[in-house]
Amino acid sequence: MATLDLQNIQKSFGDAKVLHDIDLAIRDREFVVFVGPSGCGKSTLLRIIAGLEEATSGKIVIDGQDVSRDHPLDRGISMVFQSYALYPHLSVFENIAFPLRVAKMPEPDLKAKVARAAEILQLTDKLKLKPGQLSGGQRQRVAIGRSIVREPRVFLFDEPLSNLDAALRGDMRVELSQLHWQLDATMVYVTHDQVEAMTMADRIVVLNGGKVEQFGTPMELYHHPATKFVAGFIGQPNMNFLPARVCGTDTAGVAVEVANGPTLTLPVDPEGLTPGDAVEVGIHPEDLTLGDGGMTMKIHVLERLGGQSITHGHLGGTRICAALPGTAPIREAEAVELAVAPSACHLFDARGRVARRRDALALVA
Amino acid sequence: MTGLAEDTTAQARRRVPVRLPEGWFAWALIGPAMIFIGVIVAWPLVETFRLSFTDANLGGESWVGWENYADLWGSTKFSQTIARTFFWMALSVSLKLVMGLIGATLLNATVPGRALFRVLVMPPWVIPVAIGMIGWLWLYNGHFGMLSGMVQKIGLLDGPFEFLAYKNSAFYSAIVADVWVGTPMVTLFFLAAMQGVPKDLYEAAYVDGASRWYRFRRITIPQIMPVIVSMALLSAIWTFNSFEIIWILTEGGPRGATTTLIVDTYKVAIGNYKFGEGAACAVVIVILLALFSLVYLFFLNKVNRRYGNK
């Protein structure tokens, strides 16, 4: 299989610069997910890798070989489209066989390859049908089948699950992860859904406004987000950001006074922070617990999921969300006392940069 | 209990509307259109059938039974006209389809000034046919026409050439004019169909290494096939019945070389006042086109099944 290096990729459409200096080194057999809000440039970046768009500047290197000017075929990539892009007039067999027909592969080899792909994707009994007769998930598999038979060096996926309903999306996530394991291939996957990114990726690239915010494993992103943007994007429900003020720094860390809340000493590097600075304390909803921690939350909406009670409310003037135990004895329109462990908090300066957390949590790689 | 029962009967009484017979409203809606079609389509058609069994002319009419049809059946001139009509139709329609495909493909390409080109395709179709044909008459004119002049300048001929004066050249010149009129609409329909083909399909094929020609053959053509077949049928009927183009250019001449069925019918019925014989010709046209349409619809159905989604 293959490594994929992006070197200083820039892309402009007219005056609009959509990608700024993207530098990424994707390892052999890695499953990398590009995630970010719509318009962040993730699909454009994928299309540049595919060769459907040309970068304004920069290089695409696959297996040490500069392929920036090469035809997609010579790059050794294959792509699965958001719309599946199946040929409606061709049978499932012919859809999967399409790239091989283009390559004028002899019939027996072609049949064997299609049969093998169909077997991997459980489409063997569907080969004679037309795409219109298949369900969304099956169409998705045909599109994947078409990219498998090419035996590409790098698989590209452009939001392949976004047209499926929630239940099917969950199933397909598992299937795609299995497929990655089975094919042992380098895969680049674009999505706006952080759950897909977290569950499938070996490493995630978080893109925002055409820039890489962070490139790391899901656990790195969760426990050590580099910026407030990443922290707010990763995790479900989203991280809470509480306005605070630095009241002192010492060897133990940074002491902050949370507005309408307690004063906490966070075990983070105080670098660049001085007393009086306006900062924000980031807390994952699941790190908030019931208890007298100096935070009084007025509950507005309570979502009982069974295992968890997602509690939405306000802390002073700030919206806050807590993921409390399923059986937590709380009610809507009531106030509840919350606590948080200082070591679970993240600290962001006024520009959204994170203060490094000292207690390196065990990272699940 | 009784109170409740009284209440509901009172409600029911109140609700009884002025009920018109079932379907009356539907007939009222369809009626005007039916009367319209009856007057301008059905009645003339029935009348044509009736006339075809008479020897109607300016002086009156009497019933002659199948005589008009028997005359047509026995006439070599008439069978030649039918053959000529089908050749006219086949050649002209093929050219319109091919030109339409080429035109639509070019107009669908991303080139600067594409909108302008799209507008420039329209004139032959927008200009009234009669005016367009007067233009072609001048182009084909031997002494003053541009074509004759150009041919001489290139050195292909050393004297003026009257394009419409000779049997073969008149026929093919009329075909060219007919294609000129008919191509723009075919082009626009093909263009609309091509624009409906999802861009993703082309991108997917491109990534898989398919050449332009391969993509055209394996994606564009199958995707727009239902439109191609529909346009083939429509323009076949129009071309079959294309009257004014031929009439203005050649009036069916020279020596019948451009006389198609529709021109022949006009000549017999209106030119020679033989309404009965003309009606018989018209009935033959109706039957031929009906048969032709049936075969075509069967074919269209097949194409839709093959290239459609299901």
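Calculation rules
- The numbers attached to residues start from 1 for each chain and follow its sequence in the written order.
- Note on labels: chains are lettered from A, ligands numbered from 1, in written order.
- Where local features are concerned, this predicted model is filtered to residues with pLDDT of at least 70; where side-chain atom pairs are given and counted, the filter is 80 or more; whole-chain, interface and lining totals use all residues.
- Only hydrogens and water are removed before side-chain values are computed, so all heavy atoms of the structure are retained for them.
- Every helix listed is a DSSP run of H or I at least four residues long, and every strand listed is a run of E at least two residues long, numbered separately from the N terminus.
- Here the radius of gyration uses the C-alpha set of atoms, whereas the globule reference equals 2.2 Å times the residue count to the power 0.38.
- Between two residues, a contact is recorded if the distance between any of their heavy atoms is within 4.5 Å.
- The method behind every accessible area is Shrake-Rupley, applied with a 1.4 Å probe, and residues are considered shielded solely by the protein chains displayed.
- Within this scheme the basic residues Lys and Arg register as positive and the acidic residues Asp and Glu register as negative, but His and the chain ends are omitted.
- To locate a charge, the coordinates of NZ of Lys, CZ of Arg, CG of Asp or CD of Glu are taken.
- Throughout this description, the term salt bridge denotes a Lys or Arg side-chain nitrogen within 4 Å of a carboxyl oxygen of Asp or Glu.
- When accessible area is computed with a 1.4 Å probe and restricted to protein chains, residues below 20% of their type maximum are described as buried, those above 50% as exposed, and intermediate ones as partly exposed.
- Note on pairing: two strands pair once DSSP finds at least 2 bridges between them.
- Every axis in this analysis is a line fitted to C-alpha atoms, fitted for helices over the stretch in contact. Angles between the N-to-C directions lie between 0 and 180 degrees.
- UniProt positions are given in the numbering used here, feature names are shortened, and annotations may be inferred rather than shown by experiment.
- Accessible area that two parts lose when put together, with a 1.4 Å probe and added across both, is what the buried area reports.
- In protein, a polar contact means a hydrogen-donor-capable atom and an acceptor-capable atom, both N or O and within 3.5 Å, with residues adjacent in sequence counting only if both atoms are side-chain atoms; elsewhere, any N or O pair within 3.5 Å suffices.
- Basically, the charged four are Asp, Glu, Lys and Arg, the nonpolar ten are Ala, Val, Leu, Ile, Met, Phe, Trp, Tyr, Cys and Pro, and anything else, Gly included, counts as polar.

What about the overall build of chain B?
Consideration 1: Assigned secondary structure in chain B consists of 14 helices and zero strands.
Consideration 2: Relative to its length of 310 residues, chain B is extended, with a C-alpha radius of gyration of 28 Å against a globular reference of 19 Å.
Consideration 3: In terms of overall dimensions, chain B has C-alpha extents of about 110 × 75 × 35 Å along its principal axes.
Consideration 4: Considering only contacts within chain B whose residues lie at least 6 apart along the sequence, 65% involve residues at least 24 apart.
Consideration 5: Element-wise, carbon and sulfur atoms account for 69% of the exposed surface of chain B, whose accessible area totals about 18500 Å².
Consideration 6: Both charge centroids of chain B, one from 24 positive and one from 18 negative side chains, sit 12 Å from each other.

Focus: the pattern of salt bridges
Consideration 1: Tallying each qualifying case throughout the model produces 24 salt bridges over all chains.
Consideration 2: Here A:E159 makes a salt bridge to A:K42, at a shortest N to O gap of 3.9 Å. Within this pair, whereas A:E159 is found in the loop between β7 (154–158) and α6 (166–183), its partner A:K42 is found in helix α1 (residues 42–50), the two being separated by 117 residues in sequence. Side by side, A:E159 and A:K42 carry an identical accessibility label, which is buried.
Consideration 3: In this structure, the salt-bridge partner of B:K96 is B:D178, at a minimum N-O distance of 3.1 Å.

A closer look at the sheet that holds strand β15 (residues 288–304) of chain A
Residue and element names in this part refer to chain A.
Consideration 1: Ordered in space as β17-β16-β15-β18, the four strands form an open sheet in which the pairing is antiparallel. A strand with exactly one partner marks an edge of an open sheet, and here the two such strands are β17 (318–325) and β18 (335–340). Across the sheet, the mean angle from the axis of one strand to that of its neighbour is 50°, orientation sign disregarded.

Remarks on the UniProt feature "domain: ABC transmembrane type-1" (unreviewed entry) in chain B
Consideration 1: Here the UniProt feature "domain: ABC transmembrane type-1" (unreviewed entry) sits at residues 82–296 of chain B.
Consideration 2: Helix makes up 77% of residues 82–296 of chain B and strand makes up 0%, while its end C-alpha atoms are separated by 19 Å.

What about the UniProt feature "domain: ABC transporter" (unreviewed entry) in chain A?
Consideration 1: The UniProt record annotates "domain: ABC transporter" (unreviewed entry) at residues 4–234 of chain A.
Consideration 2: Across residues 4–234 of chain A, helical content stands at 38% and strand content at 26%; the span's end C-alpha atoms are separated by 25 Å.

A word on helix α3 (residues 92–102) of chain A
Consideration 1: Burial analysis of α3(A) places ten of its eleven residues in the buried class, which makes it a mostly covered element.
Consideration 2: Listing the buried residues of α3(A) in full gives A:V92, A:F93, A:E94, A:N95, A:I96, A:A97, A:F98, A:P99, A:L100 and A:V102.
Consideration 3: Check the buried side of α3(A) and you find it contacts α4 (107–120) and α5 (136–148) of chain A together with α10 (199–207) and α11 (212–240) of chain B.
Consideration 4: Taken from the residues just after α3(A), A:K104 is the one with a positive phi, measuring 55°.

As for the interface of chain A and chain B
Consideration 1: Each side of the interface is counted separately: chain A has 26 residues, and chain B has 22 residues.
Consideration 2: Interface area, chain A with chain B, both sides summed: about 2100 Å², of which 59% is carbon and sulfur.
Consideration 3: Summed over the three residues of chain A that lose the most area to chain B, namely A:P88, A:H89 and A:F98, the buried surface amounts to 26% of that side.
Consideration 4: Between chain A and chain B we count three salt bridges in total.
Consideration 5: The interface formed by chain A and chain B holds seven residue pairs in polar contact (both at pLDDT 80 or more) in total.
Consideration 6: Where the side of chain A that touches chain B is concerned, the elements lending two or more residues are α2 (72–75), β6 (77–80) and α3 of chain A.
Consideration 7: Considering only residue class, the side of chain A that touches chain B consists of 14 nonpolar, six polar and six charged.

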